[in-house]
Structure formats: structure tokens, C-alpha cells
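Working through the structure, step by step
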Amino acid sequence: MCDSKSSYKSLASSGPGRTGPTGDTLSCLISLQQADGSWKLDDVIAKVLSKSLKELRDACPVKCDGGVATVWATILCVVYLELKHPSQKDEWELIAMKAELWLDGQSLPAGADLNTMKGAAEKIIALS
């Protein structure tokens, strides 16, 4: 799996987007999904997405703390799957559906909406 510090070190040594001892980035990303369908915004996710944690936080269109950080990470991961692994959709489609169901149940701060956040996620993921 890809959720331990040793896995993070393996990812770091193999480089983002490359196959390493922990497997490809798609498998790693799938293994990092929480049981509820969300992803946590942390260094491992940042590495899988080929970004720094600071870059990801700075790209969030709303204040990225608490539950919003998890919403943001989940949106980033779904967008990553859509943009970077379209030919493997059959492998991640159910994972993304679970994430979308989780996202639909989340409350966002005033002025924030999922479409705006998805647009911002598409911009930063497209830069990878």
C-alpha cells in the first residue's frame, strides 16, 4: 500500500508519475482513498499528484483548512484520475463514484461551491 512513511519514501525515490516499489501512481492513489470515499490532503497525496503540499493548498479557491482540505484533496484526486488516467477509467470509475457521493454530502463554507473548486483543481492538475 501507499499510506505509510516508507511508501512515501519509495514514491519520493521513484519520482512522481513513475512506477516504483509501491506500484504505479494509479494504484497508489486508489490505495490512499479513505473508507468513506474521501482523500486526505497530505504529503503523500501531493507527491502522487506531482505537486508540493504548499502548491496544492495555495491552489484551493477557498481557505483550505479542516474539512475543506479533505474536500479539496478529494476533488484533486478525482480530477487527477479523469485527466491523467482516462484510458484506465474502468479501473477507477467506481472509486470516483464513491468520492463523488461523499462530496455531495459535504458542507462548504459560504461562497464556495464544488464546480469552482473542480475548475481550480483542473487548472493545477493540468500543469503536471
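Just so it is clear, the model here is predicted, and its values are computed rather than measured.

1. Considering the pattern of salt bridges
A complete count under the given rule lists 3 salt bridges for this structure. Here K63 ties to D65 by a salt bridge, and the two come within 3.6 Å at their closest N and O atoms. Taking relative accessible area as the criterion, K63 reaches 65% and is therefore assigned exposed. The salt bridge partner of E82 is K118, with a shortest N-O separation of 3.5 Å. Separated by 36 residues along the polypeptide, E82 in helix α5 (residues 66-84) and K118 in helix α7 (residues 114-126) bring together distant segments of the chain. For K118, a relative accessible area of 28% translates into the label partly exposed.

2. Overview of the confidence of the model for the protein
Mean pLDDT over the protein: 86, with 82% of residues reaching 70 or higher. Counted against residues more than four places away or in other chains, residues 3-23, with its pLDDT under 50, gives 28 contacts.

3. Quick look at the environment of V78
Position of V78 relative to the elements: it lies in helix α5. Considering only alpha carbons, one finds V78 and S38, 40 residues apart in sequence, at a separation of 9.7 Å. Apart from residues no more than four positions distant in its own chain, V78 is found in contact with W39, A96, A99 and E100.

The rules behind the values
- Residues numbered from 1 in each chain as written.
- Predicted model: local features only at pLDDT ≥ 70, side-chain atom pairs only at ≥ 80, totals over all residues.
- Heavy atoms only, no water.
- Salt bridge = Lys/Arg side-chain N within 4 Å of Asp/Glu carboxyl O.
- Buried < 20%, exposed > 50% of the residue type's maximum accessible area, 1.4 Å probe, protein only.
- Helix = DSSP H or I, 4+ residues; strand = E, 2+ residues; numbered from the N terminus.
- pLDDT = per-residue confidence, 0-100.
- Contact = heavy atoms within 4.5 Å.

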